[in-house]
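# Results of the structural survey
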Amino acid sequence: MKKNKTSKNWIRKQYKDFYVRESKAKGFRSRSAFKLMEINKKFNFINNSTILLDLGSSPGGWSQVAGKIIKKGKILAIDIKDMEKIDKVEFINADIDNEETLKKIQSYFNKEFDVVISDIAANTTGNKNLDSYKTGELCIKSMNLAKSILQENGVFLSKLFMGSIYKEIYEKAKKYF
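Presented here is an overview of the structure given in this document. (Residues numbered from 1 in each chain as written. Predicted model: local features only at pLDDT ≥ 70, side-chain atom pairs only at ≥ 80, totals over all residues. Heavy atoms only, no water.)

We now examine the pairing of strand 2 (residues 74-79). Burial runs high along strand 2: five of the six residues are buried. As paired strands, strand 1 (residues 51-55) and strand 2 are joined by five bridges and run parallel to one another. Looking at strand 2, one finds that aspartate 54 is bridged to alanine 77. Handedness of the crossover joining strand 1 and strand 2 through helix 4 (residues 61-69) is recorded here as right-handed. Summarising the sheet, strand 2 and strand 3 (residues 90-93) pair through four bridges and their orientation is parallel. Bridge pairing in strand 3 places alanine 77 opposite phenylalanine 91. (Buried < 20%, exposed > 50% of the residue type's maximum accessible area, 1.4 Å probe, protein only. Helix = DSSP H or I, 4+ residues; strand = E, 2+ residues; numbered from the N terminus. Pairing = 2+ DSSP bridges. Right-handed = clockwise from strand over helix to strand, strands pointing away.)

Shown next as structure tokens:
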């Protein structure tokens, strides 16, 4: 399969990226592990007994970080893509937009979550506006799910691609806060 110029540039950038190299050296599955570590260091919302849901978990960088912090709590990871096993992390291969998935999430814990994290993203097309919009829609779906399962004062953290569509997504999300 021939690679186009955009994918060659992406591969070149990945090879040079400090966090990509560092994640491989430290055994993390993705560079995003460092993002979660940095955010948690600043806001300290994941602790030893946290009940956590990781949406869009594959390949598992955020679940790995959570697993290193959470010893007494529980971690459930969900993605439509497969994810290799991580110690102390239960994985469900499912779509968050499916009613059965919500039932599985609720039955797994039988209680509300402390934290819902979402590194979920649509498959990129190369069109930044379209990619931003699709990922923004997934973020809103994740937020709606989080609203239904988070305990009072629970934490929802999500990645969001920035594009010209950002303002529309922000306006939709604002009503939740």
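Relative to each other, helix 5 (residues 99-109) and helix 6 (residues 128-149) sit at 35 degrees, their axes nearing to 12 Å. Both helix 5 and helix 6 take part in a crossing whose hand is right-handed. Here helix 5 contributes Leu102, Ile105 and Gln106 to the contact with helix 6, which in turn contributes Leu145, Ser148 and Ile149. (Axes fitted to C-alpha atoms, helices over the stretch in contact; angles between N-to-C directions. Left-handed = near helix turned anticlockwise from the far one by under 90°. Contact = heavy atoms within 4.5 Å.)

Another point: unusual backbone geometry. Negative phi characterises most residues that are not glycine, and trans characterises most peptide bonds. Residue proline 59 follows serine 58 across a cis peptide bond; omega there is 15 degrees. Inspection of the secondary structure puts proline 59 in the loop between strand 1 and helix 4. Unlike most non-glycine residues, asparagine 44 shows phi in positive territory, near 45 degrees. Along the polypeptide, asparagine 44 turns up in the loop between helix 3 (32-43) and strand 1. Non-glycine residue asparagine 153 carries a positive phi angle of around 65 degrees.

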